[in-house]
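Coordinate analysis (summary)
Chain by chain, the residues:
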Amino acid sequence: MVKLNEVHSLNTAVVQSRPLVAVFFSTGGIASYTLRALATASAANGGKGFRAYMVGRKAKPAEDIISECSAIYPQGQFKFVKADDLSLIRTVDRVCAEIIQLEKKEGQDARIDYLMMAQGGSIFLPRKDTAEGIDVTMSLMYYSRMRIIMKLLPLLLKSTLPARVVSVYAAGIEAKLYPDDLSLRDLSHYSYSQARSHMVYMHTLFLETLAEQHRGKLGGLIHIFPGLVLGPGFSNPELPRWFRIVWHWIFVPLFGRLVTVKPTDCGERMLSLASPRYPPRPVDGSKSQKTEEIAIGTDGGAGTGVYSLTWNGENNLNAKAYEKFNKDEMRRKVWDHTTKAFDAIEAGKIFIE
Ligand SMILES: NC(=O)c1ccc[n+]([C@@H]2O[C@H](COP(=O)([O-])OP(=O)(O)OC[C@H]3O[C@@H](n4cnc5c(N)ncnc54)[C@H](OP(=O)(O)O)[C@@H]3O)[C@@H](O)[C@H]2O)c1
């Protein structure tokens, strides 16, 4: 476990090393805690400044967190970017184009050092397709996120950090996989838990391909389970009624204090993912020594560029789950499936595979 005092040291080094350009897809919970951690660490440790973009549907929560963080650290630059519905790939494309335009104004300095994707929180819903043919939940928590990385790659590759990519969801919860029905079109395959399992496998496999394509230049590419972090997401009216009752009337009163991660700690931990503890895949294929200072990657080696993490910053990959198939083949399959979805939608078609 990465201890909190170590997290604080890592964050001090991060904010003192360079002015961070950070993009958050979400105006709520964990994204807002991370932005607050960035402002707080910068104010307390002589940070070098930062530019932060918050992308979301509603201006109000973004304005609230931005005004709070501006008060903490007036040298920070903040910008809200409106996105109507991030489950649509065409919305993602429009928003990413807007971010690229905004960053271009910085000239040579245009870049992204830290990208957090934490959009979507509605869970345990039945399958519902977007107008583009992807299940809404799977799009918010997987497809839209991989599309964001692809679209923002030109800016991510300009970071000298190199750029960290953080997808906040459910790393480590791999279960069953239907290789011939990755979209879970067959309704007898679909449940929220099954969709979650597919999204977790697909995160690991897609990110591994990206890490290989951009050795030394992109990453760590991180998928993280944040722990249970009590925030506005759990009062979301889109959540099924049974879930809200069990959560608010039974789970939180009985176990809340024991098993939850405090929002402040969560934000600080998320910021520390920008530290050298999570490096990109080495250019020459060399292996790092296993030490406390370097995280274990999804292939079991130290510092290998893709990280499946639990709330405390340590590896939580369900490695056994990947032994059930040929990983190279599955990596290609997931890449082809995902890029095919993007190509179909970009061509104005509905994705049907
Ligand atoms: N918090 C936890 O305990 C926990 C545990 C495990 C996994 N996770 C996962 O971690 C991620 C972040 O969690 P969180 O607690 O920060 O969630 P959250 O507070 O619910 O924030 C989610 C954000 O996503 C936005 N969003 C939802 N649907 C959208 C859509 N169609 N288009 C654009 N934006 C949309 C929400 O915007 P609106 O305000 O407009 O709704 C909100 O800003 C989620 O994917 C969640 O499932 C969280």
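Just so it is clear, the structure is predicted and the values come from calculations on it, not from any experiment. (Residues numbered from 1 in each chain as written. Predicted model: local features only at pLDDT ≥ 70, side-chain atom pairs only at ≥ 80, totals over all residues. Heavy atoms only, no water.)

1. Some thoughts on helix α2 (residues 29–44)
Here is the rule: Numbering of helices and strands runs from the N terminus; a helix is a DSSP stretch of H or I covering at least four residues, while a strand is a stretch of E covering at least two. A helix's residues, less one, multiplied by 1.5 Å, set its expected span. A simple rule labels every residue: compare its accessible area, found with a 1.4 Å probe on the protein chains alone, to the largest value its type can have, and call it buried under 20%, exposed over 50%, or partly exposed in between.
For α2, built from 16 residues, the straight-helix expectation of 22 Å at 1.5 Å per residue is met to within 8% by its first-to-last C-alpha distance of 22 Å. With respect to burial, α2 is a largely interior element, 12 of its 16 residues being buried. Along α2, the positions that sit buried rather than exposed are Gly29, Ile30, Ala31, Ser32, Tyr33, Thr34, Leu35, Ala37, Leu38, Ala39, Ala41 and Ser42. Phi turns positive one or two residues past the end of α2, at Gly46, with a value near 60°.

2. Overview of helix α7 (residues 241–259)
For the record, the criterion: Bend at a given residue is defined as the angle between two axes, one fitted to the seven residues that end at that position and one fitted to the seven that begin there.
In this model, α7 (19 residues) spans only 22 Å end to end at C-alpha, well below the 27 Å of a helix rising 1.5 Å per residue. A maximum bend of about 65° is found in α7 at Val252, where proline Pro253 lies one to four positions downstream. Inspection of α7 places Phe243, Trp247 and Gly256 among the buried residues, and these make up the whole buried set.

3. Overview of a nonpolar patch on the surface
Formally: Only residues whose relative accessible area exceeds 30% and that form no salt bridge are eligible for patches; like-charged ones are grouped when within 9 Å, while nonpolar side chains (Val, Leu, Ile, Met, Phe, Trp, Tyr) are grouped when within 5 Å. The Shrake-Rupley method, run with a 1.4 Å probe sphere, supplies the accessible areas, and residue values consider only the shown protein chains as cover. Any Lys or Arg side-chain nitrogen found within 4 Å of a carboxyl oxygen on Asp or Glu counts as a salt bridge.
Among the surface-exposed residues, Phe124, Trp242, Ile245, Val246, Trp249, Ile250, Leu254, Phe255, Leu258 and Val259 lie close enough to one another that they form a single nonpolar patch of about 1,100 Å² accessible area. Its location among the elements puts Leu258 in helix α7. On the accessibility criterion, Leu258 (70% relative accessible area) is exposed.

4. Digging into the site of the ligand
Stated formally: The near set for a molecule or strand comprises every residue that places at least one heavy atom within 4 Å of it. Counted as a polar contact is a pair of N or O atoms within 3.5 Å, where, for protein atoms, one must be capable of donating a hydrogen and the other of accepting one, and residues adjacent in sequence contribute only when both atoms are in side chains. All residues other than Ala, Val, Leu, Ile, Met, Phe, Trp, Tyr, Cys, Pro, Asp, Glu, Lys and Arg, Gly among them, are scored as polar; the first ten of these are nonpolar and the last four charged.
By nearness alone, 26 residues border the ligand, and Ile30, Arg57, Leu86, Gly120 and Val229 come closest of all. Here an oxygen atom of the ligand sits 3.3 Å away from a polar atom, N or O, in the side chain of Ser26. Within the complex, the protein chains bury 89% of what would otherwise be the 900 Å² of accessible surface of the ligand. Going through the elements one at a time, α2 and α5 (136–156) are the ones with two or more residues in the shell around the ligand. The biggest single contributor to the shell around the ligand is α5, with 3 residues. Its residues placed into classes, the shell around the ligand shows 13 nonpolar, 9 polar and 4 charged.

5. Overview of the packing of α5 against helix α6 (residues 192–213)
Applicable threshold: Axis angles are defined between N-to-C directions and span 0 to 180 degrees, where every axis is a line fitted to C-alpha atoms and, for a helix, only to the segment in contact. Relative orientations are named as follows: roughly parallel for angles under 35 degrees, roughly antiparallel for angles over 145 degrees, roughly perpendicular for angles from 65 to 115 degrees, and oblique for any other angle. Left-handed describes a crossing whose near helix is turned anticlockwise from the far helix by less than a right angle; the clockwise case is right-handed. A contact between two residues is defined here by any heavy atoms of the two lying within 4.5 Å.
Their axes nearest at 8 Å, the elements α5 and α6 cross at an angle of 15°. Looking at the two axes, α5 sits roughly parallel to α6. By crossing handedness, the relation of α5 to α6 is classed as right-handed. Of α6, the residues touching α5 (which contributes Thr137, Met138, Met141, Tyr142, Tyr143, Arg145, Met146, Ile149, Met150 and Leu153) are Tyr192, Ala195, His198, Met199, Met202, His203, Phe206, Leu207 and Leu210. Split by residue class, the contact of α5 with α6 holds 15 nonpolar, 3 polar and 1 charged.

6. Focus on the side chain of Thr310
Mapped onto the secondary structure, Thr310 falls in the loop between β7 (306–309) and α9 (327–346). Once residues within four sequence positions are removed from consideration, Thr310 is found in contact with Ile224, Phe225 and Asn316.

7. Some thoughts on unusual backbone geometry
Residues Leu161 and Pro162 are joined by a peptide bond in cis, for which omega reads -10°. Following the sequence through the fold, Pro162 ends up in the loop between α5 and β5 (163–168). Look at the link from Gly219 to Gly220: it is a cis peptide, with omega at 10°. Located in the positive-phi region is Phe124, a residue other than glycine, with phi close to 60°. The topology assignment puts Phe124 in the loop between β4 (114–117) and α5. Even without being glycine, Leu184 reaches a positive phi, approximately 60°. Relative to the elements of secondary structure, Leu184 occurs in the loop between β5 and α6. A relative accessible area of 0% means that Leu184 is categorised as buried.

8. Some points on the sheet that holds β5
Formally: When DSSP locates at least two bridges between a pair of strands, those strands are taken to pair.
With parallel pairing, 7 strands are arranged side by side in an open sheet as β3-β2-β1-β4-β5-β6-β7. Across the chains shown, the open sheet's two edge strands, defined by having one partner strand only, are β3 (77–82) and β7. Between one strand axis and the next, the sheet turns through 15° on average, direction left out of account. With 6 bridges connecting them, strand β2 (residues 50–56) and β3 associate as parallel partners. Each bridged residue has a counterpart across the sheet, and for Tyr53 the counterpart in β3 is Lys79. In this fold α5 packs onto β1 (20–25), β4, β5 and β6 (218–224), with an angle of close to 170° to the strand it touches most, β4.

9. Side note on the side chain of Thr137
Structurally, Thr137 can be placed in helix α5. For Thr137, the residues in contact, after removing those within four places along its chain, are Ser122, Tyr190, Tyr192 and Met199.

10. Looking at the packing of aromatic side chains
The following threshold applies: Centres within 6.5 Å make a pair out of two Phe, Tyr or Trp rings, where for Trp the six-membered ring is used; the pair is then stacked when the planes are under 30 degrees apart, edge-to-face when over 60, and tilted otherwise. Consider the ring centre and the ring normal. A charge sits over the ring if Lys NZ or Arg CZ is within 6 Å of that centre and within 35 degrees of that normal.
This structure, assessed with the given rule, holds 16 aromatic pairs. Seen in terms of ring centroids, Phe124 and Trp242 are 5.3 Å apart; in terms of plane orientation they differ by 65°. Their pairing is edge-to-face. Within this pair, whereas Phe124 is found in the loop between β4 and α5, its partner Trp242 is found in helix α7, the two being separated by 118 residues in sequence. Residue Phe124 is classed as partly exposed on the basis of its relative accessible area of 31%. Directly above the aromatic system of Tyr322 lies the positively charged group of Lys327, at a separation of 5.2 Å from the ring centroid.

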